[in-house]
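# Coordinate inspection notes
So the chains spell out like this:
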Amino acid sequence: MVGVMKPAGSLAYPEFSPLAFDSGDPSVGGNVGEPPQIGWTDITREVTAEMAGSHLGGSGGFDYIGGADFDDAKSIAVDGSFHAYITGTPFSTNFPTLTPFQATNAGVGSQDVFVTKRGPTGALAYSTYLGGGGDDIGRGIAVSGGKVFVTGTTISADYPLPALSTALLGLSDAFVTELDPSLGAAGLVYSRYLGGTGTEDGRSIAVDSAGSAYVTGSTTAAGALPLNDFPWTSGAFQTTRG
């Protein structure tokens with residue numbers, strides 16, 4: 001599955017790594033008790049741990065971020081000023097927030113996405129929950145011009161959507177969301193589901209200089225039939241499932 005979102009969120013057309021580079025300095029996100037890894041890390045863990053982030057190089061340091069429960073970092077991006085943007089899944093109901101778009105977990109007994117910004121010294125600059133009443137998992141994050149772009153997986157029929165809205169079609173859909181941290185509770189720029197009647201999973205996202213988002217992940221058919229209802233555009237390289 002590969003999709004392109006125009007700056008307004010309309011559909012226009014690397015497996016996730018939690019290692020991000022800017023100006024030669026790598027930043028790492030993951031779980032306490034595990035070494036930094038390149039490659040996707042599953043949400044299911046045998047050890048309950050807070051998420052940890054570290055900036056390797058320069059005068060960077062190491063810090064925890066999390067609440068009283070298990071919190072899992074999936075992806076990190078770094079801007080030109082060494083601000084780190086992290087996404088993942090908090091199981092904590094007291095995950096730290098600051099000027100949030102969404103101040104609390106939207107579900108009862110479910111998990112939401114978190115989107116967090118840390119300053120060059122590690123200070124919390126922005127942090128929010130993001131999700132609906134079902135399970136939502138943040139898997140990929142990118143940043144451009146101070147705007148944050150997130151992708152992942154949702155089963156929430158009420159995932160946050162602005163005027164440009166789509167509907168949850170399958171058991172799970174990928175989602176693509178743009179946030180402006182400077183606007184706090186009004187910071188949802190656009191958000192949409194991306195998928196058909198099967199199950200979709202957004203894994204990684206990148207943004208170009210024009211603000212268009214490029215998303216990759218996976219899509220599966222519903223039931224035994226090889227349905228080909230994932231949204232595609234004219235001229236796409238491949239318009240049916242293999």
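Residues numbered from 1 in each chain as written. Predicted model: local features only at pLDDT ≥ 70, side-chain atom pairs only at ≥ 80, totals over all residues. Heavy atoms only, no water.

Here the focus is the overall build of the chain. Along its length, the chain carries 0 helices and 15 strands. Looking at the chain as a whole, 50% of its 242 residues are labelled buried. (Helix = DSSP H or I, 4+ residues; strand = E, 2+ residues; numbered from the N terminus. Buried < 20%, exposed > 50% of the residue type's maximum accessible area, 1.4 Å probe, protein only.)

For the structure on display, the rule yields 5 aromatic pairs. One aromatic cluster in this structure is built from Phe95, Phe114 and Tyr129. (Phe/Tyr/Trp six-rings, centres within 6.5 Å; stacked < 30°, edge-to-face > 60°.)

On to the pairing of strand β8 (residues 113-118), then. Counting buried positions over the 6 residues of β8 gives 6, a clear majority of the element. Every second residue of β8 is oriented toward a common face, with Val113, Val115 and Lys117 on one face and Phe114, Thr116 and Arg118 on the other, all of them buried. Where strand β7 (residues 84-90) and β8 come together, 5 bridges link them in antiparallel fashion. Bridge pairing in β8 links isoleucine 86 to threonine 116. Between the antiparallel neighbours β8 and strand β9 (residues 124-130) lie 5 residues, among them glycine 122 with a positive phi of about 100 degrees. (Pairing = 2+ DSSP bridges.)

Further remarks concern the nonpolar core. Core analysis: the largest hydrophobic core is formed by 15 residues, its most contacted members being Val115, Leu130, Ile141, Val150 and Leu179. When residues of this core are traced back to their parent elements, those giving at least two are β8, β9, β11 (147-154), β12 (173-179) and β13 (188-194). Setting aside residues no more than four positions away along its own chain, valine 150 makes contact with Thr87, Val113, Val115, Gly140, Ile141, Phe175, Val176, Thr177 and Ile205. Counting residues in hydrophobic clusters, the runner-up holds 10 residues, among them Val176, Tyr190, Leu194 and Ala213. (Core = buried A, V, L, I, M, F, W, Y, C linked by side-chain atoms within 4.5 Å. Contact = heavy atoms within 4.5 Å.)

So, about the side chain of glutamate 200. Tracing the backbone shows glutamate 200 in strand β14 (residues 199-207). Residue glutamate 200 is classed as buried on the basis of its relative accessible area of 2%. Of note is the side chain of glutamate 200, whose polar atom sits 2.5 Å from the side chain of threonine 219. (Polar contact = N/O pair within 3.5 Å; in protein donor to acceptor, adjacent residues only side chain to side chain.)

In the structure shown here, the tally under the stated rule is 3 salt bridges. One salt bridge in this structure joins arginine 203 and aspartate 201, with 2.9 Å as the shortest N-O distance. Given the relative accessible area of 15%, arginine 203 is considered buried. Residue aspartate 201 is classed as buried on the basis of its relative accessible area, which comes to 9%. (Salt bridge = Lys/Arg side-chain N within 4 Å of Asp/Glu carboxyl O.)

As a further point, take the confidence of the model for the chain. With 69% of its residues at a pLDDT of 70 or more, the chain has an overall mean of 77. Contacts from residues 13-52, a stretch scored under 50 in pLDDT, to residues over four places away or in other chains number 116 contacts. (pLDDT = per-residue confidence, 0-100.)

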